[in-house]
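# Topology and contacts: notes
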Amino acid sequence: MENSNETSFSGFFLLSLADTPYLKALSMLTVLIMYLVTLSVNALLVVVVRIKLRLHTPMYFFLSNLSIIDIGISSSVVPKLIIITITQDIRISRLDCALQMFFHSALVVTESIFLAIMAYDRYMAICKPLYYNSLMNKRFCISLAAVCWAVGCINSSIHVPYTLQLPFCRSHHINHFLCEVPIFFRLSCQDTWFHELSMYITAFTLGFIAFILILFSYIYIISTILNIHSTEGRHKAFSTCASHLTVVSLYYGPLMFMYFRPHSRNSPNTENTVSIIYTVVTPMLNPIIYSIRNKDIKVTIQGTLNNQSRSPLIPVPLPVH
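If you're wondering where the values come from, they're calculated on a predicted model, not measured in any experiment.

What follows deals with the environment of Ile 126. Structurally, Ile 126 is set in helix H5 (residues 94-127). Owing to a relative accessible area of 8%, Ile 126 belongs among the buried residues under this scheme.

Right, here's the structure in full:
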């Protein structure tokens, strides 16, 4: 049956969330709830930043872009995964697979660069406050955001067509929840050494540059914060940076595990779990982490939700810029 399906269908076959009905229902409900929370909190954050003038600063501009990316990462994977689990039709066409692979790969790369840009923004705000407003102007921030999106799209435009043109004569059954570039190398009957090398070089270069920018930014940031005499100012600066560092850890940890671990040590179950973490869990947690540790966002969201009661907002100092 499997062979006849493979010969009659030119696409691929993905995994569903579980095999047994009980686990299938439980896992699907869990993923669906997390996805709805992801859409809700990220969309709320984008709307709040958009409508509140006092949040029209570089930090919140980059944060709203991050929320849009998180919505895209989850949306590129979760709806198809839920449909597969419900219908038990595990097929995905080559075109749908290519689109999923392109958008997922592009958004993952874009987010990694955005996190580095956000670290640079915090460096300028805390270490170079006198130059912050003149350098981090609206035009420069939009240009940085455009570069991030462009790099992600260009990277996907190179690697995704390169991957899907490989001959897949071993099997079209993907032991994974989504179409992801590294997984497809194992399905090809052609030597993929050069393809893998080029992908890892690109991933290492982009990831290394982003990591170095984050590392050096926070070395200078921590050094500057320790020299702040005001306890309130030091706490405010640390609070803003702690949110970003938490998001960076949640994001880079699973990605580094997925892309920089030797194939010989890979476990399909482990890979699937890690993929769920950075495509479902992390996008849900990012805006929550920022909202919990950021007084501006908390107060603004509370004011928006309580707008019907017309309760006045207590002025809250802006984070260090």
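Right, picking up where we left off after that structure.
A separate point is empty space enclosed by the protein. The final tally for this structure, using the stated rule, is two cavities of 30 Å³ or more. Of the volumes computed, that of the largest cavity is approximately 50 Å³. At the level of elements, helix H3 (58-75), H5 and helix H10 (231-259) are the ones that each hand at least two residues to the lining of the largest cavity. In terms of residue class, the lining of the largest cavity is built from four nonpolar, two polar and two charged.

Core analysis: the biggest nonpolar cluster contains 49 residues, and Phe 62, Leu 63, Leu 115, Ile 214 and Ile 221 have the highest contact counts within it. Elements supplying a minimum of two residues to this core: helix H2 (21-51), H3, H5, helix H7 (138-164), helix H9 (193-226), H10 and helix H11 (268-293). The dominant element in this core, judged by the number of residues it contributes, is H5, at 15 residues. Once residues lying within four places of it in the same chain are set aside, the contact partners of Ile 221 are Ala 119, Arg 122, Tyr 123, Ile 126, Cys 127 and Cys 241.

Let us now look at the packing of aromatic side chains. Where two aromatic rings form a pair, the distance of their centres and the angle of their planes describe that pair. This model, assessed by the stated rule, comprises 11 aromatic pairs. Aromatic side chains Phe 12 and Phe 168 sit 5.4 Å apart centroid to centroid with 80° between the ring planes, which places their arrangement in the edge-to-face category. Of the two residues, Phe 12 is situated in strand S1 (residues 12-13) and Phe 168 in the loop between H7 and helix H8 (181-185); the sequence distance between them amounts to 156 residues. Between the aromatic rings of Phe 102 and Phe 103, the centroid separation amounts to 5.4 Å while the plane-to-plane angle is 85°, which identifies the pairing as edge-to-face. Residue Phe 102 is classed as partly exposed on the basis of its relative accessible area, which comes to 22%. By relative accessible area, which is 44% here, Phe 103 ends up partly exposed.

As recorded in UniProt, the feature "transmembrane region" (unreviewed entry) lies at residues 25-48, 60-86, 98-120, 140-158, 197-221, 242-260 and 272-292. Spanning residues 197-221, this segment combines 100% helix with 0% strand, and its end C-alpha atoms are found 35 Å apart.

Our next topic: the layout of surface pockets. The volume enclosed by the second largest pocket comes to roughly 400 Å³. Considering the residues around the second largest pocket, the lining is formed by 16 residues, among which Arg 50, His 56, Thr 57, Phe 61 and Lys 138 are closest to the centre. For the lining of the second largest pocket, the secondary structure elements donating two or more residues are H2, H3 and H7. Counting residues per element, the lining of the second largest pocket draws most heavily on H3, which supplies five residues. Counted by class, the lining of the second largest pocket contains 10 nonpolar, four polar and two charged residues.

Quick notes on the rules
Residues numbered from 1 in each chain as written. Predicted model: local features only at pLDDT ≥ 70, side-chain atom pairs only at ≥ 80, totals over all residues. Heavy atoms only, no water. Helix = DSSP H or I, 4+ residues; strand = E, 2+ residues; numbered from the N terminus. Buried < 20%, exposed > 50% of the residue type's maximum accessible area, 1.4 Å probe, protein only. 1 Å grid on protein atoms, 1.4 Å probe; cavity = no way out; pocket = protein on both sides within 12 Å on 5 of 7 lines; lining within 4 Å. Points joined across faces, edges and corners; volume = space filled by probe spheres on them. Nonpolar A, V, L, I, M, F, W, Y, C, P; charged D, E, K, R; others polar. Core = buried A, V, L, I, M, F, W, Y, C linked by side-chain atoms within 4.5 Å. Contact = heavy atoms within 4.5 Å. Phe/Tyr/Trp six-rings, centres within 6.5 Å; stacked < 30°, edge-to-face > 60°. UniProt positions renumbered as here; feature names shortened; annotations may be inferred.

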